[in-house]
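# Structural overview for review
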Amino acid sequence: MSDTPPQPVFRSGAIADPRLPRPDYPMQEQPYPGLATKMDPLPDHGETSYRGTGRLKGKRALITGGDSGIGAAAAIAFAREGADVAITYLPDEQPDADVIVQAIRDSGQNAVAIPGDLRDEDFCKQLVESAVSQLGGLDILVNNAGRQQFCERLEDLTTEDFDATMKVNVYAPFWVTRAALPHMGNGGSIIITSSVQAFSGSAHLFDYAQTKAANVAFAQSLAKQVAPRGIRVNAVCPGPYWTALQISGGQPTEKAAEHGATQPLGRAGQPVEIAPIYVLLASDEGSYITGEFFGSVGGGGL
Ligand code: NAD
Ligand code: MG
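Reading guide: rules and limits
- Residues numbered from 1 in each chain as written.
- Chains lettered and ligands numbered in written order.
- Predicted model: local features only at pLDDT ≥ 70, side-chain atom pairs only at ≥ 80, totals over all residues.
- Heavy atoms only, no water.
- Helix = DSSP H or I, 4+ residues; strand = E, 2+ residues; numbered from the N terminus.
- Rg over C-alpha atoms; globule rule 2.2 N^0.38 Å.
- Buried < 20%, exposed > 50% of the residue type's maximum accessible area, 1.4 Å probe, protein only.
- Contact = heavy atoms within 4.5 Å.
- Areas by Shrake-Rupley, 256 points an atom, 1.4 Å probe, with all protein chains shown as cover.
- Phe/Tyr/Trp six-rings, centres within 6.5 Å; stacked < 30°, edge-to-face > 60°.
- Lys NZ or Arg CZ within 6 Å of the ring centre and 35° of its normal.
- Near = heavy atom within 4 Å.
- Polar contact = N/O pair within 3.5 Å; in protein donor to acceptor, adjacent residues only side chain to side chain.
- Nonpolar A, V, L, I, M, F, W, Y, C, P; charged D, E, K, R; others polar.
- Pairing = 2+ DSSP bridges.
- Axes fitted to C-alpha atoms, helices over the stretch in contact; angles between N-to-C directions.

Let us now look at the overall build of the protein. From N to C terminus, the protein includes 8 helices and 7 strands. Expected size for 302 residues packed as a compact globule is a radius of gyration near 19 Å; at 18 Å, the protein falls within 12% of this value. Dimensions of the protein, computed from the C-alpha atoms along their principal axes, are close to 45 × 45 × 35 Å. Buried positions account for 56% of the 302 residues belonging to the protein. Here the analysis covers contacts within the protein between residues at least 6 apart in sequence; of these, 77% occur between residues at least 24 apart. Summed over its atoms, the accessible surface of the protein is roughly 12700 Å², and 52% of this surface lies on carbon and sulfur atoms.

If you want it as structure tokens, here you go:
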């Protein structure tokens, strides 16, 4: 870690050059799950840059992993678009969650914070009940929480690790969505955060890549099942984004520092840059979009 305090690399609302800014990412490592508030530079979740136009006015959203990274950017964007937002995260991530809760409230919206471990089926049920009662209903569910821990050799991948990745990335979206569906009706939107890894798994992400392929299938299958109820389901497939996931065991330390450098745009994305996809999929403007997956990869494609 460098001695200088972390600085944000805020992107402006109007971006003239998508190659910029291309900040230095000093080598850094944190224990899983990592804190965005301790990263250098700080990720841009849209705190000062995302401007809403009322596209989610009156809607109520639950976002898993909404304390940091892509989920936090979606949370801020949803609030700026007029939605009330509940976020869930691990108890250790309270410092990050406090920042995002404040940003939601500063946007004039109701914020609900529900810490817990999504590997626990009972917590997934309680989470939905608590979010629904505190928000007064549920229109948007974003299954975004994810676990990515790299492992170079299959022989070294423990059953505990494999199981934890499956629990967070595959079981939790099932448990949370099963609990949420009875509360969702016509006009509802379910979004799942998959990855470019769904289509071309990296050698060191054997377990993670499989879960992300499952996330795409989740959207494609469930979309068909719930379309007759007026509920849409889509997947978002990010490429390299600058988030805590990458510097807390998601990549080897030296790779995390170069995250995104090989993409045609030459850099990692900032979480705020993917938020507009979540807003479109959550909004009524996206009414004919379901069963799809959307990339934001920096030029490398899905
Ligand atoms: P992040 O670390 O900021 O967010 C992931 C969140 O998942 C954490 O904040 C944490 O709250 C939550 N989480 C993890 N384990 C949990 C558990 N057991 N119980 C409850 N919550 C738990 O990183 P991010 O990159 O914003 O990740 C969000 C999603 O984006 C993930 O699904 C990830 O797989 C996906 N993704 C990220 C990238 C990238 O380059 N950052 C690329 C492709 C896909
Ligand atoms: Mg986090």
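Now that the structure is up, let's keep going.
Turning our eyes to something else, we now look at the packing of aromatic side chains. Any two aromatic rings considered together are summarised by their centre-to-centre distance and by the angle between their planes. Scanning the model with the defined rule gives 3 aromatic pairs in all. Look at Tyr-171 and Trp-175: their rings are 5.3 Å apart centre to centre, the planes differ by 55°, and that puts the pair in the tilted class. Of this pair, Tyr-171 and Trp-175 both sit in helix 4 (residues 159–180), 4 residues apart, roughly one helical turn. Classification of Trp-175 as buried rests on a relative accessible area of 8%. The ring of Tyr-32 is capped by Arg-147, whose NZ or CZ atom sits 5.6 Å from the centre of that ring. Just above the ring of Tyr-171 sits the side chain of Lys-167; from NZ or CZ to the centre is 5.4 Å.

Glancing now at the site of ligand 1. In the vicinity of ligand 1, 31 residues are found, and the nearest of them are Ser-68, Glu-93, Asn-144, Tyr-208 and Thr-243. Lys-212 places a side-chain nitrogen or oxygen 2.9 Å from an oxygen atom of ligand 1. A distance of 3.2 Å separates an oxygen atom of ligand 1 from a polar atom in the backbone of Gly-239. Protein chains shield 98% of the accessible area of ligand 1, which is 800 Å² for the free molecule. Going through the elements one at a time, helix 1 (69–80), helix 5 (206–226) and helix 6 (244–250) are the ones with two or more residues in the shell around ligand 1. Top contributing element to the shell around ligand 1 by residue count: helix 6, with 3 residues. A breakdown of the residues in the shell around ligand 1 according to their chemical character gives 13 nonpolar, 13 polar and 5 charged.

By way of backbone hydrogen bonds, the strands of a sheet pair with one another, either parallel or antiparallel. The 7 strands lie next to each other as 3-2-1-4-5-6-7, forming an open sheet whose pairing is parallel. Each edge of the open sheet is held by one strand with a lone partner, namely strand 3 (111–115) and strand 7 (293–296). Between one strand and the next, the sheet's axes are offset by a mean angle of 15°, whatever the strand orientation. With 5 bridges connecting them, strand 2 (residues 84–89) and strand 3 associate as parallel partners. What sits directly across from Tyr-89, in strand 3, is Pro-115. This element, helix 3 (residues 121–135), spans strand 1 (60–64), strand 2 and strand 3 of the sheet and lies at about 165° to strand 3.

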